[in-house]
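Below are the chains, spelled out letter by letter.
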Amino acid sequence: MMLLAIEQGNTNTLFAIHDGTDWIAQWRTATEASRTADEYAVWLNQLLHMRGLAFDSLDGCIISSVVPQSIFNLRNLSRRYMNVEPLVVGDNTDLGMQVRITKPTEAGADRLVNAVGAHLIYPGDLLLIDSGTATTFDVVAADGAFEGGLIAPGINLSLQALHEAAAKLPRIAIQRPDRVIGKDTVTAMQSGVFWGYVSLIEGLVARIKAEWGAPMTVIGTGGVASLFEGATTSIDRFDPDLTIRGLLEIWRRNTHLKDA
């Protein structure tokens, strides 16, 4: 089995290949809602060729996207170039977990996939912090159920907002400053955003734990999660593979049901 897993966020889209045993290739591209199936195919075909692969060597596809207008083109990529009907998370997909929120259909595909990937290897109650375009905090119960959470603006959005809304503030790169008190505009902005987000994480983790009322393992993931490693003790583990692990497990659960 050669599986193409596509995980599309608001900023980046990940394409990953699993050969039935291991993840053998991963590529990222900027998310563009208007990109057509043919445009994806030209880009992906070259990358496959560099790994000695081709579209006809792929016999499965799973898609998780938080950009609804892109799903049509990603689905056509699978149908047209792989001759495979893709499994789309959210389209009557069996996640193998309960979604205990008021409107289960409103839960983002990325959040649910992360929950599946985390519960697969971490025991007990979990708190997942995914740092991307948005920063999400999601609670997964010990039985694997998605219990809800909260959504905050991502660190990149904060930097963008500062630059766009204040005429004298430049566009800067995210990095951990040596000092909390900045000595110039750039270091002041870096400190405010970085340590501001550390404080946001620590404060929300404490509030969520207090409300939950039971021990939780806190796991960080997402594009910029590694930036906070070593900066706070509120995150117990950093795991960049929650999403692709979850996608693979959802694929296995649904194909097993079809084969049963």
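This section reports on the structure supplied with the text. All values reported here derive from a predicted model rather than from experimental measurement.

With that out of the way, let us pick up the layout of surface pockets. In this model, the largest pocket occupies a volume close to 970 Å³. Residue lining of the largest pocket: 40 residues in total, with D130, S131, G132, T133 and G223 positioned closest to the centre. Secondary structure elements with two or more residues in the lining of the largest pocket: β2 (12-18), β3 (23-30), α3 (109-119), β6 (126-131), β7 (134-140), α4 (155-165) and α6 (242-259). Top element by residues in the lining of the largest pocket is α4. It accounts for five residues. Residue classes in the lining of the largest pocket are distributed as 14 nonpolar, 19 polar and seven charged. One number sums up the size of the second largest pocket: a volume of about 350 Å³. Lining of the second largest pocket is provided by 19 residues; of these, V89, G90, T105, A107 and L112 occupy positions nearest its centre. Contributing elements (two or more residues each) for the lining of the second largest pocket: α2 (68-82) and α3. The residue inventory of the lining of the second largest pocket, partitioned by class, reads 12 nonpolar, six polar and one charged.

Most of β6 sits out of view: six of its six residues are buried. Burial along β6 is two-sided: L126, L128 and D130 facing one way and L127, I129 and S131 facing the other are all buried. The turn joining β6 and β7, which pair antiparallel and follow one another in sequence, is formed by two residues. Across five bridges, the pairing between β6 and strand β9 (residues 217-221) is parallel. From the neighbouring strand, L126 faces β9, where its bridge partner is T217.

Before going further, it helps to spend a moment on helix α5 (residues 185-212). Compared with the 40 Å implied by 1.5 Å per residue over 28 residues, the 40 Å span of α5 between its first and last C-alpha is a close match. Taken as a whole, α5 has its buried residues at M189, Q190, S191, V193, F194, Y197, V198, I201, V205 and I208. A distance of 3.2 Å separates the backbone nitrogen of V186 from a side-chain oxygen at the start of α5, and that oxygen is part of D184. Within two residues after α5, G213 carries a phi angle of roughly 80°, on the positive side.

What counts and what doesn't
- Residues numbered from 1 in each chain as written.
- Predicted model: local features only at pLDDT ≥ 70, side-chain atom pairs only at ≥ 80, totals over all residues.
- Heavy atoms only, no water.
- 1 Å grid on protein atoms, 1.4 Å probe; cavity = no way out; pocket = protein on both sides within 12 Å on 5 of 7 lines; lining within 4 Å.
- Points joined across faces, edges and corners; volume = space filled by probe spheres on them.
- Helix = DSSP H or I, 4+ residues; strand = E, 2+ residues; numbered from the N terminus.
- Nonpolar A, V, L, I, M, F, W, Y, C, P; charged D, E, K, R; others polar.
- Buried < 20%, exposed > 50% of the residue type's maximum accessible area, 1.4 Å probe, protein only.
- Pairing = 2+ DSSP bridges.
- Expected span 1.5 Å × (residues − 1).
- Polar contact = N/O pair within 3.5 Å; in protein donor to acceptor, adjacent residues only side chain to side chain.

From the geometry alone we can't say anything about function, so treat these as descriptive.
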